[in-house]
Amino acid sequence: MTDKMGLTDPGRPAPRMTARTAAFFAVLFSALAINWLVQAGLSGSGENRYFYLGCAVFFLAVGTGYLLVWKRARRRPPPSES
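Just so we're clear, the structure is a prediction, and the values are computed from it rather than from any experiment.

Cut-off values and rules
Residues numbered from 1 in each chain as written. Predicted model: local features only at pLDDT ≥ 70, side-chain atom pairs only at ≥ 80, totals over all residues. Heavy atoms only, no water. Helix = DSSP H or I, 4+ residues; strand = E, 2+ residues; numbered from the N terminus. Buried < 20%, exposed > 50% of the residue type's maximum accessible area, 1.4 Å probe, protein only. Contact = heavy atoms within 4.5 Å. Areas by Shrake-Rupley, 256 points an atom, 1.4 Å probe, with all protein chains shown as cover. Phe/Tyr/Trp six-rings, centres within 6.5 Å; stacked < 30°, edge-to-face > 60°. Axes fitted to C-alpha atoms, helices over the stretch in contact; angles between N-to-C directions. Parallel < 35°, antiparallel > 145°, perpendicular 65-115°, else oblique. Left-handed = near helix turned anticlockwise from the far one by under 90°. Nonpolar A, V, L, I, M, F, W, Y, C, P; charged D, E, K, R; others polar. Core = buried A, V, L, I, M, F, W, Y, C linked by side-chain atoms within 4.5 Å. Expected span 1.5 Å × (residues − 1).

Participant: So what exactly am I meant to see when it comes to the overall build of the chain here?
Facilitator: Scanning the chain from terminus to terminus reveals three helices and zero strands. Shown N-terminal to C-terminal, the secondary structure of the chain runs as helices and strands in the order α-α-α. In the chain, which comprises 82 residues, the proportion classed as buried is 17%. If you take every contact in the chain between residues at least 6 apart in sequence, the share linking residues at least 24 apart comes to 54%. For the chain, the computed accessible surface area is about 6,700 Å², with 63% contributed by carbon and sulfur atoms.

Put into structure tokens, the structure is as follows:
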């Protein structure tokens, strides 16, 4: 698999993430963040609520990062196969 991606050449960088993959991960992590927010709202104890809110903030930050990668990948032209 590394030969197909060209990672065995020391000077060649890894291929960039496609817009479709970045969009998938942005939606996935945003949905996980919403799930943790719902869990925080439904939890009864204070300790669990802070844990759930912390997880929601983490997944929201990761989802936002993938959203930014998706926006950058949409603006770039696809790599040439030369």
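Further notes follow.
Participant: Even after reading the chapter, I still don't get the packing of aromatic side chains, so can you show me in this structure?
Facilitator: Given two aromatic rings, one states the distance between the centres and the angle between the planes to describe the pair. Here the structure, examined in full by the defined rule, presents nine aromatic pairs. Look at F29 and F59: their rings are 5.9 Å apart centre to centre, the planes differ by 20°, and that puts the pair in the stacked class. Residue F29 is found in helix α2 (residues 19-42), and its partner F59 is found in helix α3 (residues 46-75); the two are separated by 30 residues along the sequence. Each member of the pair, F29 together with F59, is buried.

Participant: Quick question: what am I supposed to make of the packing of α2 against α3 here?
Facilitator: It is the contact of α2 with α3, at a shortest axis distance of 7 Å, that shows an interaxial angle of 160°. Regarding the angle of α2 to α3, the classification is roughly antiparallel. Handedness of the α2/α3 crossing: left-handed. By residue class, the composition of the contact of α2 with α3 is 24 nonpolar, four polar and two charged.

Participant: What's the story with the nonpolar core in this structure? I'm lost.
Facilitator: Inside soluble globular proteins, nonpolar side chains tend to come together where they are buried. Residues F29, A33, W36, A40, Y52, C55, A56 and F59 constitute the largest nonpolar core, which totals eight residues. At the level of elements, α2 and α3 are the ones that each hand at least two residues to this core.

Participant: Would you mind showing me how to read α3 here?
Facilitator: Because each turn of an α-helix spans 3.6 residues, side chains separated by three or four positions in sequence point in the same direction. For α3, built from 30 residues, the straight-helix expectation of 44 Å at 1.5 Å per residue is met to within 8% by its first-to-last C-alpha distance of 44 Å. Of the positions making up α3, those classed as buried are Y52, C55, A56, F59, G63 and A73. Against the buried residues of α3 lie α2.

Participant: Help me understand α2, please; the structure alone is not making it clear to me.
Facilitator: If you check α2, its first and last C-alpha atoms are 35 Å apart, about what 24 residues at 1.5 Å a residue would give, namely 34 Å. Looking at α2, one finds that the buried residues are A22, A26, F29, A33, W36 and A40. Turning to α2, the residues buried within the fold contact α3.

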